[in-house]
Amino acid sequence: GDQVEQSPSALSLHEGTDSALRCNFTTTMRSVQWFRQNSRGSLISLFYLASGTKENGRLKSAFDSKERRYSTLHIRDAQLEDSGTYFCAAEGGSSSFSKLVFGQGTSLSVVP
Amino acid sequence: GPKVLQIPSHQIIDMGQMVTLNCDPVSNHLYFYWYKQILGQQMEFLVNFYNGKVMEKSKLFKDQFSVERPDGSYFTLKIQPTALEDSAVYFCASSPNQDTQYFGPGTRLLVL
């Protein structure tokens with residue numbers, strides 16, 4: 001079935017630095033959604049992209065519009081409250097009805 | 001943003017008993033989903049639901065599982081009978097039109 005490979009699995013950043021997470025897809029995907037899971041386990045939707053890029057504050061996400069085989073999440077000027085587990089989830093092209101295939105997650109720790 | 005509620009937040013039951021997990025989706029959404037996350041593992045799709053019917057289900061959606069949304073009330077996931085391997089966090093999600101999926105906070109199910 002469709003697979004989503006997310007990297008890195010864990011990341012430690014100092015406050016104020018920038019970094020990027022990436023998801024590769026084993027097949028062409030229709031769309032991608034990025035989430036942050038907080039310490040209580042709640043999933044917060046950050047972005048939904050069917051193509052191109054979106055930006056919200058210090059976060060920016062891109063979805064490869066040509067081959068639709070990867071997506072990135074950029075974090076600028078990391079803050080302590082950005083800590084959490086980040087998931088990408090993609091919707092494949094083989095199904096008529098949407099279902100998300102999740103990556104394994106990136107555990108992000110922002111330290112002073 | 002739009003909020004999906006799940007009741008209860010935690011449930012502990014004995015193996016073989018029945019359990020019903022309740023989801024209160026966003027009021028004008030038409031598409032509903034259940035996902036399962038075993039501790040330390042990635043989120044996996046169980047089932048999607050539209051217009052009163054299951055549209056697609058995964059291999060994880062065993063015969064003991066059923067979903068319904070009677071008369072626009074809660075969207076429920078029932079497991080009867082439960083097994084030890086059903087212990088997990090179950091997330092409900094809803095979507096207005098199969099793009100962004102909004103997730104609830106999850107129900108933590110422990111089967112003893």
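Check the entry above for the structure.
As a starting point, this report considers the structure included with it. No experiment lies behind these values; they were computed from the predicted model shown.

What counts, and at which threshold
Residues numbered from 1 in each chain as written. Chains lettered and ligands numbered in written order. Predicted model: local features only at pLDDT ≥ 70, side-chain atom pairs only at ≥ 80, totals over all residues. Heavy atoms only, no water. Helix = DSSP H or I, 4+ residues; strand = E, 2+ residues; numbered from the N terminus. Rg over C-alpha atoms; globule rule 2.2 N^0.38 Å. Contact = heavy atoms within 4.5 Å. Buried area = accessible area lost by both parts, 1.4 Å probe. Salt bridge = Lys/Arg side-chain N within 4 Å of Asp/Glu carboxyl O. Polar contact = N/O pair within 3.5 Å; in protein donor to acceptor, adjacent residues only side chain to side chain. Nonpolar A, V, L, I, M, F, W, Y, C, P; charged D, E, K, R; others polar. Phe/Tyr/Trp six-rings, centres within 6.5 Å; stacked < 30°, edge-to-face > 60°. Buried < 20%, exposed > 50% of the residue type's maximum accessible area, 1.4 Å probe, protein only. Pairing = 2+ DSSP bridges. Axes fitted to C-alpha atoms, helices over the stretch in contact; angles between N-to-C directions. Disulfide = S-S within 2.5 Å.

1. Structural notes on the overall build of chain A
Argument step 1. Across its full length, chain A carries zero helices and 11 strands.
Argument step 2. What you see in chain A, going N to C, is helices and strands ordered as β-β-β-β-β-β-β-β-β-β-β.
Argument step 3. A globule of 112 residues ought to have a C-alpha radius of gyration of about 13 Å, and chain A, at 14 Å, matches this closely.
Argument step 4. Its C-alpha atoms put chain A at 45 × 25 × 20 Å along the principal axes.

2. Let's talk about the interface of chain B and chain A
Argument step 1. Contacts between the two partners involve 19 residues from chain B and, on the opposite side, 20 residues from chain A.
Argument step 2. When chain B packs against chain A, close to 1700 Å² is buried across both sides, 52% of that on carbon and sulfur atoms.
Argument step 3. Across the chain B-chain A interface, the total number found is one salt bridge.
Argument step 4. Between A:Lys99 and B:Glu56 there is a salt bridge, with the nearest N and O atoms lying 3.0 Å from each other.
Argument step 5. Across the chain B-chain A interface, the total number found is nine residue pairs in polar contact (both at pLDDT 80 or more).
Argument step 6. Put simply, the parts of the chain that give the side of chain B that touches chain A at least two residues each are strand S4 (31-37), strand S5 (44-50) and strand S6 (53-57) of chain B.
Argument step 7. Top element by residues in the side of chain B that touches chain A is S4(B). It accounts for four residues.
Argument step 8. A per-class count over the side of chain B that touches chain A returns 10 nonpolar, six polar and three charged.

3. Examining the packing of aromatic side chains
To describe a pair of aromatic rings, one takes the distance between the centres and the angle between the planes.
Argument step 1. This structure, assessed with the given rule, holds 14 aromatic pairs over all chains.
Argument step 2. Judged by centre distance (5.1 Å) and plane angle (80°), the rings of A:Phe35 and B:Phe103 are edge-to-face. Taken as a pair, A:Phe35 in strand S4 (residues 29-37) and B:Phe103 in strand S10 (residues 102-103) lie in two separate chains rather than in one.
Argument step 3. Owing to a relative accessible area of 0%, A:Phe35 belongs among the buried residues under this scheme.
Argument step 4. A residue is classified by how much of its surface remains accessible, and B:Phe103, at 9% relative accessible area, is buried.

4. Description of the sheet that holds strand S1 (residues 5-7) of chain B
Residue and element names in this part refer to chain B.
Argument step 1. Strand order across the open sheet formed by four strands is S1-S3-S8-S7, with antiparallel pairing between neighbours. For this open sheet the edge positions go to S1 and strand S7 (65-68), each flanked by a neighbour on one side alone. When the angles between neighbouring strand axes are averaged without regard to direction, this sheet yields 20°.

5. Focus: the environment of B:Pro8
Residues and elements named next belong to chain B.
Argument step 1. Within the secondary structure, Pro8 is located in the loop between S1 and strand S2 (10-13).
Argument step 2. Sequence separation of Pro8 and Thr107 is 99 residues, and the distance between their C-alpha atoms is 6.1 Å.
Argument step 3. Those residues within four positions of Pro8 in sequence are excluded, and the remaining contacts are Thr20, Gly106 and Thr107.

6. Considering the pairing of S6(B)
Residue and element names in this part refer to chain B.
Argument step 1. Bridging between S5 and S6 involves four bridges; their strand directions are antiparallel. Paired with Phe49 across the bridge in S6 is Val54.
Argument step 2. Counting the residues that bridge the hairpin from S5 to S6 gives two residues, and of these Asn51 lies at a positive phi of roughly 55°.

7. Remarks on the state of the cysteines
All names here are of chain B.
Argument step 1. With the rule as written, the count across this model stands at two disulfides over all chains.
Argument step 2. The disulfide partner of Cys23 is Cys92, and the gap between their sulfur atoms is 1.8 Å. Handedness here is read from the sign of the S-S torsion; for Cys23 and Cys92, about -60°, the answer is left-handed. Of this pair, Cys23 sits in strand S3 (residues 19-24) while Cys92 sits in strand S9 (residues 88-95), placing them 69 residues apart in sequence. Taken as a pair, Cys23 and Cys92 share a single burial class, namely buried.

8. A word on the sheet that holds strand S6 (residues 52-56) of chain A
Residue and element names in this part refer to chain A.
Argument step 1. The five strands lie next to each other as S1-S3-S8-S7-S6, forming an open sheet whose pairing is antiparallel. Whereas interior strands pair on both sides, the edge strands pair on one side only; in this sheet they are strand S1 (4-7) and S6. In this sheet, neighbouring strand axes are inclined to one another by 15° on average, regardless of whether the strands run parallel or antiparallel.
Argument step 2. Bridge count for S6 against strand S7 (residues 59-63) is five bridges, and the pairing is antiparallel. Its bridge partner being in S7, Asn56 is matched across the sheet by Leu59.

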